[in-house]
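Working through the structure, step by step
Here is what each chain is made of, one letter per residue.
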Amino acid sequence: MRFLFRWIKRLVLLLVILIIGLLSPLAYIETMCRPQGEALAYTPLVGPEWHRPEGRTLLTYPEWHIVHAYDDYAEVIRTGEPHQFGFLSSITGFWSSLCSLSQTSGSHGGFDWTTKQTIYTIGVSFTAELLLKAAYEETVGRVATWIRGVEQAPLDDLSARQASDYASFLQQVPWYKWDFTRDAAALDAAATGVWRDRERRFALGIEYRVKAAYAKVIEAAVASVGADQLRLRAVVTGMPEADLSALPDVQVIATRPEGIEIEAPRYCAFTRLAETIARAGGSFVEIAGNDDIMFTVISKEPGQSGEIHSFQRQGNSGIRNLILLPVADLTAALRALPEGALEHIHDY
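Attention in this report is confined to the structure presented alongside it.

Scoring rules and cut-offs
Per chain, residues are indexed from 1 in the order of the written sequence. Owing to the predicted nature of the model, reporting of local features is limited to residues with pLDDT of at least 70; listing and counting of side-chain atom pairs is limited to 80 or more, with chain, interface and lining totals taken over all residues. For side-chain calculations, the full set of non-hydrogen atoms in the structure is used, while hydrogens and water are omitted. Elements are defined by DSSP. Helices are runs of H or I of four residues or more, strands are runs of E of two residues or more, and each kind is numbered from the N terminus. When we talk radius of gyration, it's over C-alpha atoms, and the globule rule is simply 2.2 Å times the number of residues to the 0.38. The buried label applies to any residue whose accessible area, calculated with a 1.4 Å probe on protein chains only, is under 20% of its type's maximum; exposed applies above 50%, and partly exposed to all values in between. Paired strands are those between which DSSP finds at least two bridges. For helices, the fitted axis covers only the stretch in contact; all axes are lines through C-alpha atoms, and the angles between them, taken along N-to-C directions, range from 0 to 180 degrees. Any two residues having at least one pair of non-hydrogen atoms within 4.5 Å are treated as being in contact. Think of a nonpolar core as a cluster: buried Ala, Val, Leu, Ile, Met, Phe, Trp, Tyr and Cys residues, connected wherever their side-chain atoms sit within 4.5 Å. A pairing counts as a salt bridge when a side-chain nitrogen of Lys or Arg comes within 4 Å of a carboxyl oxygen of Asp or Glu.

Digging into the overall build of the chain
- Scanning the chain from N- to C-terminus turns up eleven helices and eight strands.
- Here the C-alpha radius of gyration of the chain, 23 Å, is about what a compact globule of 348 residues would show, namely 20 Å.
- Reported as C-alpha extents along the three principal axes, the dimensions of the chain are approximately 75 × 45 × 40 Å.
- For the chain, the proportion of its 348 residues judged to be buried stands at 47%.

This is the structure in structure tokens:
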């Protein structure tokens with residue numbers, strides 16, 4: 001009994017240490033990354049039902065950091081091995097960027113508790129997932145690649161394609177809508193008798209099935225509180241109403257003295273729309289009832305104008321820069337960017 005009790009105490013101690021480790025970034029953000037500055041008054045042009053808190057343009061990034069991490073991971077394993085991905089640097093990138101964003105949010109309405117709950121939850125989940133994945137891929141997974149040899153096994157290629165498809169899916173659709181069960185079944189169907197395929201089928205099969213179960217929980221939780229609105233209102237100038245009406249999935253709402261109010265899709269679709277408006281010579285007066293906005297660009301070096309934070313990408317070349325500027329300056333900034341440099345506009 002004493003032997004069993006000692007092991008129970010050790011397991012409890014280990015669990016406590018793990019919990020403290022996972023929660024320590026939250027304590028750091030709360031104590032060392034407090035919002036700075038006071039919010040400036042601004043009266044939205046759009047109705048209150050279309051106004052989103054301005055700080056959200058900053059605080060949507062952490063979720064996109066996870067999207068970008070999956071994209072980086074997919075690129076790494078396309079030609080390399082899972083253990084070559086920097087799991088720890090991806091984790092620190094999440095929390096270091098959140099620190100900068102939290103500090104900057106002070107002059108844009110602050111970092112409200114409801115948003116904190118969401119970001120802290122996904123941050124801890126992301127950290128735990130990558131730590132578990134790192135622990136496995138750096139040990140058992142690495143040994144499996146040694147046994148396999150230089151040539152990729154069929155499930156190496158399949159898992160790389162699945163990772164790439166998943167990263168593309170996340171650009172516009174929430175992660176919990178991905179069919180992880182289908183991916184697990186595809187592994188089962190494509191596996192051969194070689195050791196690496198058996199190992200990939202076992203490890204990734206467990207990962208996919210756990211995520212499938214967790215996705216159902218999250219989807220049910222989102223359904224109970226209501227999903228995010230998929231469209232936004234913006235005010236545009238410098239373009240005829242007919243040209244705006246002709247843009248895909250754009251609806252002209254009203255003509256104002258300040259410009260033309262439009263309704264448009266959010267997320268990745270809005271990024272592409274803003275590029276189109278910029279090329280046509282248009283400008284935004286307001287987006288989602290706000291006069292400041294953040295976007296990310298890929299450059300060869302840090303230190304871009306308006307930059308709040310930057311770090312090196314993995315697998316993909318270049319440095320990701322988080323840039324904050326007035327909405328009125330957005331399209332001029334987009335026109336000045338090199339082709340393909342714009343990554344995402346964070347539309348609240």
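On we go.
Some remarks on the sheet that holds strand β6 (residues 307–312)
- Here four strands make up an open sheet; going across it, the order is β6-β7-β5-β8 and the pairing antiparallel. Whereas interior strands pair on both sides, the edge strands pair on one side only; in this sheet they are β6 and β8 (342–346). Neighbour-to-neighbour, the strand axes of the sheet open up by a mean angle of 20 degrees, direction not taken into account.
- In the sheet, strand β5 (residues 292–299) pairs with β8 via four bridges, with the strands oriented antiparallel. Its bridge partner being in β8, Met 294 is matched across the sheet by His 346.
- Where helix α4 (residues 87–104) meets the sheet, its contacts fall on β5, β6 and β7 (319–326), and the angle it forms with β6 comes to roughly 175 degrees.

As for the side chain of Ser 105
- Of note, Ser 105 is situated in the loop between α4 and α5 (113–148).
- Taking the relative accessible area as the measure of exposure, Ser 105 reaches 0% and is therefore buried.

Observations concerning the nonpolar core
- Ile 29, Trp 95 and Leu 98 are the most contacted members of the largest nonpolar core, which totals 50 residues.
- With ten residues, the top contributor of residues to this core is helix α3 (residues 61–79).
- Ignoring sequence-local partners within four residues, the contact set of Leu 98 consists of Ile 29, Leu 59, Pro 62, Phe 111, Ile 119 and Tyr 120.

Quick look at the sheet that holds strand β3 (residues 260–265)
- Strand order in the open sheet formed by four strands is β2-β3-β1-β4, with antiparallel pairing between adjacent strands. Each edge of the open sheet carries a strand with a single partner, namely β2 (251–255) and β4 (283–287). Averaged over neighbouring strand pairs, the angle between their axes works out to 35 degrees when direction is ignored.
- Running at roughly 145 degrees to β4, helix α10 (residues 268–279) makes contact with β1 (231–237), β3 and β4 of the sheet.

Quick notes on the pattern of salt bridges
- Throughout the structure, instances matching the rule amount to 25 salt bridges.
- One salt bridge in this structure joins Arg 201 and Asp 188, with 2.8 Å as the shortest N-O distance. Of this pair, Arg 201 sits in helix α8 (residues 195–225) while Asp 188 sits in helix α7 (residues 180–190), and the two are 13 residues apart along the sequence.
- Looking at Asp 188, the relative accessible area reads 28%, which means it is partly exposed.
- Here Lys 211 and Glu 207 are joined by a salt bridge, their closest N and O atoms 3.0 Å apart. With Lys 211 and Glu 207 both in helix α8 and four residues apart, the pair spans about one turn of that helix.
- One continuous salt-bridge network, built from bridges that share partners, spans Glu 81, Glu 137, Arg 148, Asp 156, Arg 196, Glu 199 and Arg 200.

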